[in-house]
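Descriptive structure summary
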Amino acid sequence: MGPGFTFPKPLEPIGSKIKVSAFPEGPQLWRIDWFGLIAYPDRYGRNRQPSVLVFLSRVDPQSRTYEGQGHHSQQMKAWVSVGTTMMLRIGDVWKDQRPHFEPPYTSETFRELVIDSSTLSLVKAGSARADGSFLLPMVEHPWHMNNTHSYCAQVEMPSGKSLLIPCMELIRFYFGSSSALLSRLFSPPLTPEMLYSACGYDEYGKFVITLADFLPAASAEAVARIATSKIAFHAAQLVGSSCQQASAIGQEIYPMARFPFEGKTDLKVAGRWLDPQGAGTFLVYRMESCRHPFPFKALKYQLSTLQKPRYRPGPEHRATQAAADSASAGTMPAKDPGLVETDASKSLAPQTFRRPATRKFTDLENKRVWGTSIAKELPVEQEAGRTHPSVEAHALGESGSDERVRPTELIEAPESRVLQIPPPPFAQVLLQAMELQQTANVELLTTTRDGSNVVPLELLSDEDGVIADELIVRDGFRHRPRRAIAFALRAPEGRKALMCIVVEAEIIFPLMYPINRRKKPALICMRNSKPHSGTAQQTSCTRKPTPHPTCPSQASKSRSPLPRRLRASQPGSPAFSIGRTRSAELAMAPVASAET
C-alpha cells in the first residue's frame, strides 16, 4: 500500500454478522464487476426464488483504482438469490464473504435531469452507437464483456452526453428496501395483491396502506409509490415480466427496469466517465440519492396481522407455525450466520437482519411516515432442559424445504437515512414501561421514521371557531399541538387486545379501548376507487378497507368506545383527533409523571 494511502471506511456488514456464503472466503479482496443471468441454477435446492449470477474479480490491495485484475475470462461467478442484491452494488469490494469497503469512485450530481420517453431508453451493455463506437468500450470497461446482452437504462442529457445505469442497480435503488419486495418483483406476474391488501387517501390527503403479508415496514414507501402511480406499478411489473418473456422465447434472461416516475429529478450517483473527450457516457456503479417527489403528502402504513403463507392461507400453516415456535424455542443463537443458496426450512422461525441505508430520497425527509412496529414480544416458553444446536445456515425467500436452514429477511433500516429525534419525555416513560413489563406483547402504532414515535393531535374547534386550550402546549417561544403515542397490547395467547393512547401532559395517563379481534380495526376511514389512479382525489386499493366503527356510515351500528374522531390535522400531517370531551379527561387519574 502506498505511503499515506488508506482504504476508505469499511461498509457496515448486514447486522454486523450475516455473510454471503456463495462469495469467496479468505483475506483476498474481490470486486463486484457486473450482474449476469437470472435463473434457477439448482431446482432441487432452491425452487422458491430465482438467483442472479454475480461476476467478481480480484483486487490488488496496492491499487488506487479499485479495479479488477486479469482478463474478463478470469472473473469468478457466484449464484445468489435475487433478494440478496439489496446488499450488492457494482464496484463494492468484498472480503471473506462480507462487504469490506466502498471505493471512492467519481461522484456526480445531475440536476434537473429529465426522465421521460424522449430521454430514456433501454439498451444492451454491448450496444454500439450510430458511429460504430460502443457505449461501453472494452478498453475502458472490460468487466461487462461476459454479459453484453444485459440491459442498462440510458438517459440522454441536453449536453449530448448520456447516463448509463445497469438495470440491476436501478432495481436495487428504487425497490431494494427489503429482500421480500425484491423477491416478489422477480415472481411474475406481479399483482397489487402481492404488495398490499388495502389502501386509500383520507380527506386530508394522507395516504394509508396495509402491506401484504410478510412485507416489512421498511418497504412501505416503495409500495405506496407503486400503489399511487401507474408508472411506478408498470416499472415494478417490468422486472418480472421481462424475465418471463425472455424465458418464453428461449433467450438468456436479463431483467429490464425503468424509473418509477416521469419528470425532473436531481440524481446523485457514483461511477466513472467513459470517453469523456468524445460522446461522453457516465457509467453508474451505484445510485445514492434521488430528489423526485413521492406521490403522497404523508403516509401511514399498517402491517398485515394475518401470518399465513404468501397468497395461500390454509389450516396447514397453523401446524407449521406451531412447529416453528417449538423448534426455535430452545435453539442457540447463530455464531456465524451465512446466506446459503437453498430453500429455507418450513419448521424454523424466521430471523431479520437490518442493513444501514445505502439509498436516499430527499423528498421523504420532509414528509411524515408512520405506522406499526413490534415494541415488545414475549419469548416463547421453553421446555426445561431442551436446547438445540445453533442454525448457521440462513436463506432468503419462502420456506419450502426440510433442511435445517433458517428463513431470513434482509431489510433496510429506515432510521439510518432520516435525522433521528429522541422521543419526548412522556413517550420515553411509556416506551420504558412497555419494555419492562412481562405481561403482554406490544405493538407501537405510532412508529415514525425519525424515531420520535409520536403524532400531533388535531386542533379541533367548537361551533364558535374556538380551539380548546387543552389541545395546545407552549414549546419555548411558540405554541404547538399536543402529541400522542399509541400502543396495541395483546395477550400472548392472542385472545385479548387493547389499544392504549397516551396524550402529552405533565401528568400522563392511558386511554384504554378494547380491540375487536373479529374485525380488523381501521384507524382512518378511507374512500375507494380503481387501482393505480395516481391522483389525490381518487384512491388506489384492491380490497375494500374495513371502515372504522365511528365512521358516519357505521355510527348507528356500533357503540365503539374509541375516540370520537381519528383523522389528520391538516393536509399531509397525520394526527390523532380528540375533541373537548376527551380533552377534559387530561386532568383525570394520573399514573406516571413525564418528568420522571
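Heads up: these notes are all about the structure in this document. This is a predicted model, so every value here is computed, not measured. (Residues numbered from 1 in each chain as written. Predicted model: local features only at pLDDT ≥ 70, side-chain atom pairs only at ≥ 80, totals over all residues. Heavy atoms only, no water.)

Now for the packing of helix α3 (residues 220–228) against helix α4 (residues 230–248). Close contact between α3 and α4 brings their axes to 5 Å; oriented N to C, the two are set at 115°. Looking at the two axes, α3 sits roughly perpendicular to α4. Across the interface between the two elements, Arg225, Ile226 and Thr228 of α3 pack against Lys230, Ala232, Phe233 and Ala236 of α4. Of the residues assigned to the contact of α3 with α4, the class counts are four nonpolar, one polar and two charged. (Axes fitted to C-alpha atoms, helices over the stretch in contact; angles between N-to-C directions. Helix = DSSP H or I, 4+ residues; strand = E, 2+ residues; numbered from the N terminus. Parallel < 35°, antiparallel > 145°, perpendicular 65-115°, else oblique. Contact = heavy atoms within 4.5 Å. Nonpolar A, V, L, I, M, F, W, Y, C, P; charged D, E, K, R; others polar.)

Taking 1.5 Å per residue as the helical rise, α4 with its 19 residues ought to reach 27 Å, and the 25 Å between its terminal C-alpha atoms agrees with that figure. Maximal helix bending in α4 amounts to about 35°, located at Leu238. Of the surrounding elements, those touching the buried residues of α4 are β2 (29–39), β8 (120–124), α1 (167–175), α2 (179–185) and α3. For α4, the side-chain oxygen to backbone nitrogen distance between the N-cap and Ile231 is 3.3 Å, and the N-cap itself is Ser229. Following α4 by one or two positions, Gly250 has its phi on the positive side, about 75°. (Expected span 1.5 Å × (residues − 1). Bend = angle between axes of the 7 residues up to and from the residue. Polar contact = N/O pair within 3.5 Å; in protein donor to acceptor, adjacent residues only side chain to side chain.)

All right, on to the nonpolar core then. Membership of the largest hydrophobic core comes to 103 residues, with the highest contact counts inside it found for Phe23, Leu163, Tyr174, Ile209, Phe259, Leu267 and Met287. In contact with Phe23, not counting residues within four places along its chain, are Ile32, Val54, Leu56, Ala78, Val80, Leu88, Trp94 and Gln97. Within the second largest apolar cluster, 16 residues are counted, among which are Ala427, Val429, Phe487 and Leu489. (Core = buried A, V, L, I, M, F, W, Y, C linked by side-chain atoms within 4.5 Å. Buried < 20%, exposed > 50% of the residue type's maximum accessible area, 1.4 Å probe, protein only.)

This part takes up the sheet that holds strand β21 (residues 393–395). Strand pairing in a sheet is mediated by backbone hydrogen bonds. Such pairs are either parallel or antiparallel. Strand order in the open sheet made by the five strands is β1-β16-β21-β23-β18, with parallel pairing throughout. If you trace the sheet from one side to the other, it starts and ends with β1 (19–20) and β18 (351–356), each paired once. Across two bridges, β1 lies against strand β16 (residues 338–339) in parallel orientation. Bridging from a neighbouring strand, Val20 pairs with Leu339 of β16. (Pairing = 2+ DSSP bridges.)

So, about the packing of aromatic side chains. Each aromatic ring pair is summarised here by two numbers: the centre-to-centre distance and the angle between the ring planes. Applying the stated criterion across every chain, the model contains 14 aromatic pairs. When the centroid spacing of 5.0 Å and the interplanar angle of 50° are considered together, the rings of Phe173 and Phe361 count as tilted. Here the residue Phe173 occupies a position in helix α1, and Phe361 occupies one in strand β19 (residues 360–361), the gap between them amounting to 188 residues. With a relative accessible area of 0%, Phe173 lands in the buried category. (Phe/Tyr/Trp six-rings, centres within 6.5 Å; stacked < 30°, edge-to-face > 60°.)

Our next topic: unusual backbone geometry. Cis geometry marks the peptide bond from Pro188 to Pro189, where omega comes out at -5°. Considering the arrangement of structural elements, one finds Pro189 in the loop between α2 and β11 (196–201). Of note, Asp96 is a non-glycine position whose phi angle comes to about 55°, a positive value. Mapped onto the elements of the fold, Asp96 is located in the loop between β5 (93–95) and β6 (98–101).

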